[in-house]
Amino acid sequence: MNFKYDVIVVGAGHAGCEAAAAAANMGSKTLLITMDMNKIAQMSCNPAVGGIAKGQIVREIDALGGQMGIVTDTTAIQFRMLNKSKGPAMWSPRAQSDRAKFILKWRKIAENTDNLFIWQDAVTSLVIENKNVTGVKTELGVVFSAKSVILTNGTFLNGLIHVGKTQLKGGRVSEPASFGITEQLIEFGFTTDRMKTGTPVRIDGRSVDFEKMEEQKGDDDFHKFSYLDFKPRTLQQLSCWICHTNEEVHDTLRDGLADSPLYNGQIKSIGPRYCPSIETKIITFEDKISHQLFLEPEGENTQEYYLNGFSSSLPLHIQIEALQKVPAFRNIHIYRPGYAIEYDFFDPTQLKHTMETKLIKNLFFAGQINGTTGYEEAAGQGLIAGINAHINVHGGDEFILRRDEAYIGVLIDDLVTKGVDEPYRMFTSRAEYRILLRQDDADMRLTEKAYNIGLAKKERIVLLNEKKEEINRIIEFAADYSLKPEYINDTLASFGTSPLKQKIKLKDVITRPQITIENIAEHIPAFKSELDQIPNRREEIIEAAEIAIKYDGYIKREKLIADKISRLENIRIKGKFDYENISSLSIEARQKLSKIDPETIAQASRIPGVSPNDISILLVLLGR
Ligand SMILES: Cc1cc2nc3c(=O)[nH]c(=O)nc-3n(C[C@H](O)[C@H](O)[C@H](O)COP(=O)(O)OP(=O)(O)OC[C@H]3O[C@@H](n4cnc5c(N)ncnc54)[C@H](O)[C@@H]3O)c2cc1C
């Protein structure tokens, strides 16, 4: 057996799997070491992928040649496009996945990817020589060597689980924690700290009174995560169920607060603001008499349900007694309680945009250990780390995504430039160019880039070029085709929009909110026959063309702004200044610039505490 590899990935979670598959698919001999092969890509928390802004990240991972979109589409038991009532920049795909099948699908991919090998063991330390990582050592006493190592340990580094006063060492319930790596890296000068997250009970569906809940079905349309052309969601589609807590529930929870690890000082680390535990909700929003709960199915062939909105680390009996006060859960049986977990993370300003650490060459960090929370955020980082680890070994230009190219670009730039003071979750509000980063056009932005570095395969480029041709054909037709008032006004009236006074182009009519390409085509045979020539993915192509026509003005304006800023992205300043000795800069700016040592002026301008005045001083010093 071989003990020498190009790339070693430690941990087969959402970050690790994407990193390993990317490096191997690009040609690196890759070893994926993980504690339990039966838990590859385990979803530690809710069995769902995507959601606000997270859905866009999964689309980007797919467009780049990653796997998460494919795995989710083939294991989804419900799909919904969130925010459809808002503009397309806010549309976010989300799917409930069959948890067990999600693991099996990823394992099948990992076991059948050329150049990718798996080893089940726990890594206990790194082999580091002259500030360069050259391998890892494991619990079984094996030493593997590699030219690049990617750490994706998730919530496992010195993981500590809390249920009331009960504390267990673990990376997830019933899985061991990882020891030794944090301590070793601190000796090499890394800054580390602790974070916390939590998860709710898992419920036996046979004990739930669904009559007392509101059913929420999924969408049944063409939308999916992957841009590859296949039929998604072949599993039985299931519903989620909604109910609410009440004051009785809240009173019972309050009775347990004295033994809450969150409020009795047991847990000191900071948790995700946007995923609060139920006990935090009743304290923070004490005047709210009820909170919404979502019962999410865990899979096609299981009675297990996940109770979204009731994450808790209160004592077991309090969790059960409180739930019994919810009418639908009077006779509740749970498979296991909710719990909180504390774990180590590393300050991400210690990383470059390639996810390589600044302190140790060829050592990369990705996922939760960088202070993020969420499968999607982890997978996006893992993909970029895997690509750049391969490039470090085999040569090529660094692969970095800009903020106007991808949410993954926003994610990584925020991490390495601003750092984190709580678990970082992606939101559309974090992306200043979100109308350019829509879920419908990630392939347009990223697939060619990924194809040129050998990650995205030919099939994706063929599908992309076909889609581009079809979209352009529709847009050109709409731009050329004139509509006479006498010909179309009755139709416009039937759609509740104002009549034309003079001849105008079809595309100008399509920009009206009441008009869609599909509904107006029913009344323009020439346009309908144009659409009928679309060879495949008709709905996807028409949706993309419609967005391009309706939002043309916004998109162009945003592109102009992005191009202006990207000029600042090209002004490189790394290593050019001794910031501590530039007295005209503010003290805070000198400290932050010295610590982060930004690559470009644009990155410097995004560091918290560096003012526009500080940036002008640097530009003057640069003679610009
Ligand atoms: C209890 C809990 C609740 C959560 N709640 C939420 C939530 O509400 N919202 C949210 O967005 N996210 C939540 N998360 C976080 C979410 O699970 C993570 O963001 C995501 O799983 C991170 O992916 P990752 O790849 O970084 O790490 P993980 O998915 O944690 O995977 C790490 C992998 O590395 C392996 N590993 C670790 N150390 C070693 C080692 N030394 N040697 C070999 N293998 C190793 C582990 O076995 C595991 O397979 C929660 C996580 C937990 C544990």
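Data block above holds the structure.
Peer 1: Explanation requested: the overall build of the chain in the structure shown.
Peer 2: Summing up its helical and strand segments, the chain has 21 helices and 22 strands in all. Its C-alpha atoms give the chain a radius of gyration of 26 Å, within 12% of the compact-globule value 25 Å for 624 residues. With the C-alpha coordinates of the chain rotated into their principal frame, the extents come out at 80 × 70 × 55 Å. Classification of the 624 residues of the chain by burial places 60% in the buried group. In the chain, the share of contacts with a sequence separation of at least 24, taken over all contacts with a separation of at least 6, comes to 73%. Taking the 78 positively charged and 84 negatively charged side chains of the chain as two groups, their mean positions are separated by 2 Å.

Peer 1: Looking at this structure, I do not really get helix α9 (residues 375–394). What am I missing?
Peer 2: Every α-helix winds through 3.6 residues per turn, so residues three or four apart in the chain are directed the same way. Along its 20 residues, α9 runs 28 Å from first to last C-alpha, staying within 8% of the 28 Å computed at 1.5 Å per residue. Judged by how many residues are buried, α9 sits mostly within the fold: 17 of 20 residues are covered. One or two residues past the end of α9 sits Gly395, with phi positive at roughly 90°.

Peer 1: I keep staring at the side chain of His291 and nothing clicks. Help me out?
Peer 2: Relative to the helices and strands, His291 resides in the loop between α7 (278–284) and β16 (292–297). What makes His291 buried here is its relative accessible area of 3%. Among all residues touching His291, those that are not within four sequence positions of it are Cys243, His244, Thr245, His250, Ile278, Lys281, Ile282 and Phe285.

Peer 1: Just checking my understanding: could you explain the packing of aromatic side chains for this structure?
Peer 2: Note on aromatic pairs: each is described by the distance of the centres and the angle between the planes. All told, the structure shown has 15 aromatic pairs when counted by the stated rule. Pairing Phe79 with Phe225 gives two aromatic rings, centres 5.7 Å apart and planes at 75°, and the pair type is edge-to-face. Taken together, the residues span a long stretch of sequence, with Phe79 in strand β4 (residues 76–82) and Phe225 in the loop between β14 (214–216) and β15 (240–244) at a distance of 146 residues. Note on accessibility: Phe79 and Phe225 belong to one class, buried. Judged by centre distance (6.0 Å) and plane angle (80°), the ring pair of Phe190 and Phe346 falls under edge-to-face. Of this pair, Phe190 sits in the loop between α5 (181–187) and β12 (192–199) while Phe346 sits in strand β19 (residues 339–346), and the two are 156 residues apart along the sequence. Judged by its relative accessible area of 1%, Phe346 falls in the buried class. An aromatic cluster of three or more residues is present, and its members are Phe3, Tyr5, Phe117, Trp119 and Phe144. The aromatic ring of Phe230 is capped on one face by Lys224, whose charged end is 5.1 Å from the ring centroid. Note that Lys449 overlies the ring of Phe399, its terminal NZ or CZ placed 5.8 Å from the centroid.

What counts, and at which threshold
- Residues numbered from 1 in each chain as written.
- Predicted model: local features only at pLDDT ≥ 70, side-chain atom pairs only at ≥ 80, totals over all residues.
- Heavy atoms only, no water.
- Helix = DSSP H or I, 4+ residues; strand = E, 2+ residues; numbered from the N terminus.
- Rg over C-alpha atoms; globule rule 2.2 N^0.38 Å.
- Buried < 20%, exposed > 50% of the residue type's maximum accessible area, 1.4 Å probe, protein only.
- Contact = heavy atoms within 4.5 Å.
- Lys, Arg positive; Asp, Glu negative; His and termini not counted.
- Charge placed at Lys NZ, Arg CZ, Asp CG, Glu CD.
- Expected span 1.5 Å × (residues − 1).
- Phe/Tyr/Trp six-rings, centres within 6.5 Å; stacked < 30°, edge-to-face > 60°.
- Lys NZ or Arg CZ within 6 Å of the ring centre and 35° of its normal.

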